Amino acid sequence: MVAGFLTAILAAFLTAASACAAPARQLCLACHPVHFVQRGSCTGCHRGNPATDRKNIAHQRLIAGRYAAFTLGDAQLLQTGERLLKQYACRRCHIIGGRGNRLSVNLDHSTVSKTPEELTASTLQPVRNMPDFHLEKSRAVVLVNALLAAAIRRGAIPDDGPQVVHFDRSDRAGRDLFSMKCGPCHMALTARMGALGGGNAGPNLSGLLSPYYPETFRAGSPWTERDLGEWLKNPRTVRPWAGMPPVALTEPEFRELMGILKVAGAEAK
């Protein structure tokens, strides 16, 4: 009799334990078909809240399937995304995956505060002083997948304090050295003075002297102060076909320009 009682108690305990261990019901499946079962819960790829059938709550911070493609371990997609990040030199202004220049918004933070659709829109319709890469939407989606993947690999994102970016300085009105000497053809987002210049005939020079600017000086080498000095004296000594004319600068002016363009604390690649 005692043995039977103990057996009943044990059975009840195991039933309760099984109930506790069972995964919570995913109400997402009431509307959405099951797919990629091996990935586990719906939130593992799409975020959202699977514990409610109230659509506005269930879809909070939802990632649509096209933006969750990186979670499927598609190496080619991630390689393409990383190549685009490097091709467009996104880290010359942004922190991505914990690396980059802090000249504009930290995109690791943006993957949390913005929806993937908002991130896509910002690449297709860039703000002032951000280069327009003329992206097709399909390529922008791959780029956003890369941003989300980089942020997840980064893990916990440290609070590096508020950041203010000045895109318009009417009090300065283009009287700084960069705007006067370079601004007619170039733009740059700088750490010390914000957005400078207004031209788009030449490349955007944001982060030029940092490790994240495209290596386009000579034979695929990065830009340095010495290289930039050589280029400004006569671009055609570096590239015979260069269309840019020499820029005459005194030594104090050159040092001032370097101070404007330099990005303090830029992390190595």
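This structure is a prediction, so every number in the text was calculated from the model and none was measured.

> In this structure, what is going on with the overall build of the chain? I would like to understand it.
Across its full length, the chain holds 10 helices and 2 strands. Mapped from its N terminus to its C terminus, the chain presents α and β elements in the order α-α-α-α-α-α-α-α-β-β-α-α. Burial statistics for the chain: of 269 residues in total, 36% are counted as buried. For the chain, the share of sequence-separated contacts (at least 6 apart) that also reach a separation of at least 24 residues comes to 51%. In the structure as shown, the chain presents an accessible area of about 16100 Å², 59% of it carried by carbon and sulfur atoms.

> Would you mind going over the packing of aromatic side chains with me for this structure?
The way to describe two aromatic rings as a pair is by their centre distance and the angle between their planes. Enumeration according to the criterion identifies 3 aromatic pairs in this entry. Ring geometry for Tyr-88 and Phe-133: centres 4.6 Å apart, planes at 35 degrees, overall tilted. In this pair, Tyr-88 sits in the loop between helix H4 (75-87) and helix H5 (107-113) while Phe-133 sits in the loop between helix H6 (116-124) and helix H7 (137-154), placing the two residues 45 residues apart along the sequence. Classification of Tyr-88 by relative accessible area gives buried; the value is 10%. Relative accessible area serves as the criterion here: at 21%, Phe-133 is assigned to the partly exposed category. Geometrically, the ring pair formed by Phe-217 and Trp-223 is edge-to-face, given 5.0 Å between the ring centres and 65 degrees between the ring planes. Looking at Trp-223, the relative accessible area reads 11%, which means it is buried. The rings of Phe-217, Trp-223 and Trp-231 are connected pair by pair, giving a single aromatic cluster.

> I'm lost on the packing of H6 against H7 in this one. Help?
In a pair of packed helices, the angle between the axes and the distance between the axes together describe the arrangement. Here H6 crosses H7 at 125 degrees, and the two axes come no closer than 9 Å. With respect to H7, the axis of H6 lies oblique. In this structure, the crossing between H6 and H7 has a hand that is right-handed. In contact with Pro-116, Leu-119, Thr-120, Thr-123 and Leu-124 of H6, H7 contributes Lys-137, Ala-140, Leu-143, Val-144 and Leu-148.

Thresholds, definitions, all that
- Residues numbered from 1 in each chain as written.
- Predicted model: local features only at pLDDT ≥ 70, side-chain atom pairs only at ≥ 80, totals over all residues.
- Heavy atoms only, no water.
- Helix = DSSP H or I, 4+ residues; strand = E, 2+ residues; numbered from the N terminus.
- Buried < 20%, exposed > 50% of the residue type's maximum accessible area, 1.4 Å probe, protein only.
- Contact = heavy atoms within 4.5 Å.
- Areas by Shrake-Rupley, 256 points an atom, 1.4 Å probe, with all protein chains shown as cover.
- Phe/Tyr/Trp six-rings, centres within 6.5 Å; stacked < 30°, edge-to-face > 60°.
- Axes fitted to C-alpha atoms, helices over the stretch in contact; angles between N-to-C directions.
- Parallel < 35°, antiparallel > 145°, perpendicular 65-115°, else oblique.
- Left-handed = near helix turned anticlockwise from the far one by under 90°.

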